[in-house]
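Here are the chains, one letter per residue:
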Amino acid sequence: MGRAFVYVILGGGVAAGYAALEFTRRGVSDGELCIISEEPVAPYERPALSKGFLLPEAPARLPSFHTCVGANDEKLTPKWYKDHGIELVLGTLVKSVDVRRKTLLSSTGETISYKFLIIATGARALKLEEFGVEGSDAENVCYLRDLADANRLATVIQSSSNGNAVVIGGGYIGMECAASLVINKINVTMVFPEAHCMARLFTPKIASLYEDYYRAKGVKFIKGTVLTSFEFDSNGKVTAVNLKDGNQLPADLVVVGIGIRPNTSLFEGQLTIEKGGIKVNSKMQSSDSSVYAIGDVATFPVKLFGEMRRLEHVDSARKSARHAVSAIMDPVKTGEFDYLPFFYSRVFAFSWQFYGDPTGDVVHFGDYEDGKSFGAYWVKKGHLVGSFLEGGTKEEYEIISKATQLKPAVTIDSEELEKEGLGFAQTV
Ligand code: FDA
Ligand code: NAD
């Protein structure tokens, strides 16, 4: 049993949705494109799962956040795929891929062949068991990667009102979920091994501003330690979290956000892997010329920094998807992918954006006292390489984005740069 397509997208997440839209814009015929995904729903904007989806009042639910609404573009409902002659194979895990034969084998036993394959398998959440802690299967231990996880978390939140939550991990999931739990009237304690939250990006000064706000909302921080085990009741439900520092925290709910691993296993030994992801060139093409990789799973050259990077953010998933489709359908006119890394988050009434690379010396600017609008620049080898801004306007975010893309020389000293603040980016 088998079917043949010209283009197959493996994975049905953010990158797949944006690739599908680009295919239709460039003209794909009925029956030429197939998307095959383990998830039972059409591609959606994953960032909604830790934000609007967890709200106590009028939470976001599908179909409202199918791709590509996150980029203010068309909303690709299941009907949209049908109307565009795109085969959407949902709820179907791909078990193996033979790159040499250009075939995929699905869990239903079907063989699907392709002329071009786009790998958009994203990543999976790291499990506590990988750190030697048992208990991930307990009904009140929640991860957050896909819609099934989000539904489960929303249900556990509902049954934990006024209860205690322990949030494991101080990264994006930890910070965004902690805020959502507070909004749901749950007492939150965050536990993470680093000295401050969002250690991959925030400076101690930036982190302390957000942490103070969380504390004012009742959140407790336990830093510099990790969990070692859980206590369970007779039904297998977690009742408490034991920490390495000897503390025990009562828990009605545990949220775990301890990082991800890209889903590359189908391709190990078949394609070149670098920095944990599938290595692609500036056209998002892998070591096999018929296979492309996009989104969280791809390690691509970031021209601006002259380095191979794997990014785990929605903007790079969207843009790498468009670029790969362009490279496949119009190889002559498609140039190099020239991407400026862009990250953002929204928690409580905060909203920040970051562009570039958070390396080098940091200069903070703006009003850290009132905490409404402040930022930071990262300067490396005399050039601006990264810009962070909280509470900016659309125009201000555009200004820091454009300035960072130009990687300008910084000829003033850090005191002057601090004083100039946003004005510096404006004059670049
Ligand atoms: P994505 O994970 O979206 O999709 C991968 C798809 O492949 C899934 O549907 C999966 O089931 C499928 N798949 C994998 N293996 C398969 C197989 N063998 N067979 C079939 N299907 C398979 N970023 C940001 O910039 N701002 C934000 O606010 C947020 N917020 C956020 C919240 C939450 C809760 C998460 C989990 C993530 C974010 N992100 C984010 C990160 C962002 O969502 C992420 O970078 C993109 O979803 C990556 O898109 P991909 O398409 O690469 O993977
Ligand atoms: P992360 O990499 O942002 O943070 C992982 C955190 O896990 C670290 O900060 C650390 O505090 C903690 N940690 C690591 N090992 C630990 C251990 N043994 N015990 C306790 N804590 C430990 O990853 P995440 O928060 O899990 O997010 C998952 C993915 O989702 C990432 O790719 C992230 O980029 C993405 N995401 C992005 C956004 C956004 O961009 N706004 C929002 C949500 C999720």
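Q: Tell me what's going on with helix α4 (residues 172–183), and back it up with residues and numbers.
A: Between the first and last C-alpha of α4 there are 17 Å, a value that for 12 residues agrees with the 16 Å anticipated at 1.5 Å per step. Looking only at α4, the buried set comprises G174, M175, E176, C177, A178, A179, S180, L181 and V182. For α4, the secondary structure elements touched by its buried residues are α3 (147–158), β9 (164–168), β10 (187–192), α5 (204–216), β15 (253–256) and β22 (342–347). Positive phi shows up at K185, right after α4, with a value of about 65°.

Q: Tell me about the pattern of salt bridges, and name the residues and values.
A: Counted under the stated rule, the structure contains 23 salt bridges. Between E211 and R215 there is a salt bridge, with its nearest N and O atoms 3.5 Å apart. Of this pair, E211 and R215 both sit in helix α5, 4 residues apart, roughly one helical turn. With a closest N to O distance of 3.9 Å, K394 and E398 form a salt bridge. Here K394 and its partner E398 are both found in helix α7 (residues 394–406), 4 residues apart, which amounts to about one turn of the helix. Of the residues examined, K394 reaches a relative accessible area of 62% and is grouped as exposed.

Q: Account for the site of ligand 2, naming residues and giving values.
A: Close to ligand 2 lie 21 residues, the nearest being I173, E176, E194, E312 and Y344. Here an oxygen atom of ligand 2 and a backbone polar atom of Y172 are 3.1 Å apart. Side-chain polar atom of H313 to an oxygen atom of ligand 2: 3.0 Å apart, as the coordinates give it. Bound to the protein, ligand 2 loses 85% of the 840 Å² it would expose on its own.

Q: Would you mind going over a negative patch on the surface in detail, with residue names and values included?
A: Among the surface-exposed residues, D413, E415, E416, E418 and E420 lie close enough to one another that they form a single negatively charged patch. With a relative accessible area of 38%, E416 lands in the partly exposed category.

Q: Describe the packing of aromatic side chains, and please don't skip the residues or the numbers.
A: All told, the structure shown has 30 aromatic pairs when counted by the stated rule. With centroids separated by 6.2 Å and ring planes inclined at 75°, the aromatic side chains of F192 and F221 adopt a geometry described as edge-to-face. Taken as a pair, F192 in strand β10 and F221 in strand β11 (residues 220–223) lie far apart in primary sequence, 29 residues in all. Their ring planes at 15° and their centres at 5.5 Å tell us that F337 and Y339 sit as a pair that is stacked. Accessibility expressed as a relative area gives 2% for Y339, which makes it buried. Across from the ring centre of F53, 3.7 Å away, lies the NZ or CZ of R61, which sits over that ring. Against the face of Y368 rests K205, its NZ or CZ located 4.8 Å from the ring centre.

Q: Would you mind going over the sheet that holds strand β12 (residues 227–232) in detail, with residue names and values included?
A: The strands making up a sheet associate through backbone hydrogen bonding, with each pair oriented either parallel or antiparallel. Strand order in this open sheet of 3 strands is β12-β13-β14, and the pairing throughout is antiparallel. Two strands close off the open sheet at either side, each with one partner strand: β12 and β14 (248–250). Neighbouring strand axes in the sheet, compared pairwise and without regard to direction, differ in orientation by 25° on average. When strand β13 (residues 238–243) meets β14, the two strands line up antiparallel, connected through 3 bridges. The residue bridging N242 from the neighbouring strand is Q248, located in β14.

Q: An account of the site of ligand 1 is requested, with residue identities and associated values reported.
A: Near ligand 1 lie 33 residues; those nearest to it are E39, R46, K51, R145 and D296. At 2.7 Å, a side-chain N or O of R46 approaches an oxygen atom of ligand 1. Between V314 and ligand 1, the recorded distance is 3.0 Å, taken from a backbone N or O atom to an oxygen atom. The fraction of the free accessible surface of ligand 1 (1000 Å²) that becomes covered by protein chains is 93%. When contributions to the shell around ligand 1 are tallied by element, the ones reaching two or more residues are α1 (14–26), α4 and α6 (314–329). Considered class by class, the residues forming the shell around ligand 1 number 14 nonpolar, 11 polar and 8 charged.

Q: I'd like a description of the side chain of T264, backed by residues and values.
A: Considering the arrangement of structural elements, one finds T264 in the loop between β16 (260–262) and β17 (273–274). In this structure the side chain of T264 is engaged in a polar contact, spanning 2.6 Å, whose partner is the side chain of E268.

Q: So what about the sheet that holds β22? Which residues, and what values?
A: Pairing within the open sheet is antiparallel, and its 5 strands lie in the order β22-β23-β26-β25-β24. Only two strands of the sheet have a single partner each, and these edge strands are β22 and β24 (361–366). Each strand axis lies, on average, 15° off the axis of its neighbour in the sheet, ignoring direction. Alignment of β22 against strand β23 (residues 350–356), held across 6 bridges, turns out to be antiparallel. Within β23, the residue paired with F343 across the bridge is F354. Packed onto the sheet, α5 meets β22, β23, β24, β25 (374–380) and β26 (383–390) and runs at close to 155° relative to β25.

Q: Could you give me a rundown of the packing of α1 against α6, with the residues and numbers involved?
A: It is the contact of α1 with α6, at a shortest axis distance of 8 Å, that shows an interaxial angle of 35°. For the pair α1 and α6, the crossing hand works out as right-handed. Between α1 and α6, the residues in contact are V14, A15, Y18, A19, E22, F23 and R26 and V314, A317, R318, A321, R322, V325, S326 and M329, respectively. When grouped by side-chain class, the residues that make up the contact of α1 with α6 number 10 nonpolar, 1 polar and 4 charged.

About the cut-offs
- Residues numbered from 1 in each chain as written.
- Chains lettered and ligands numbered in written order.
- Predicted model: local features only at pLDDT ≥ 70, side-chain atom pairs only at ≥ 80, totals over all residues.
- Heavy atoms only, no water.
- Helix = DSSP H or I, 4+ residues; strand = E, 2+ residues; numbered from the N terminus.
- Expected span 1.5 Å × (residues − 1).
- Buried < 20%, exposed > 50% of the residue type's maximum accessible area, 1.4 Å probe, protein only.
- Contact = heavy atoms within 4.5 Å.
- Salt bridge = Lys/Arg side-chain N within 4 Å of Asp/Glu carboxyl O.
- Near = heavy atom within 4 Å.
- Polar contact = N/O pair within 3.5 Å; in protein donor to acceptor, adjacent residues only side chain to side chain.
- Areas by Shrake-Rupley, 256 points an atom, 1.4 Å probe, with all protein chains shown as cover.
- Patch = residues over 30% accessible without salt bridge, like charges linked within 9 Å, V, L, I, M, F, W, Y side chains within 5 Å.
- Lys, Arg positive; Asp, Glu negative; His and termini not counted.
- Charge placed at Lys NZ, Arg CZ, Asp CG, Glu CD.
- Phe/Tyr/Trp six-rings, centres within 6.5 Å; stacked < 30°, edge-to-face > 60°.
- Lys NZ or Arg CZ within 6 Å of the ring centre and 35° of its normal.
- Pairing = 2+ DSSP bridges.
- Axes fitted to C-alpha atoms, helices over the stretch in contact; angles between N-to-C directions.
- Nonpolar A, V, L, I, M, F, W, Y, C, P; charged D, E, K, R; others polar.
- Left-handed = near helix turned anticlockwise from the far one by under 90°.

Nothing here speaks to function; it is geometry throughout.
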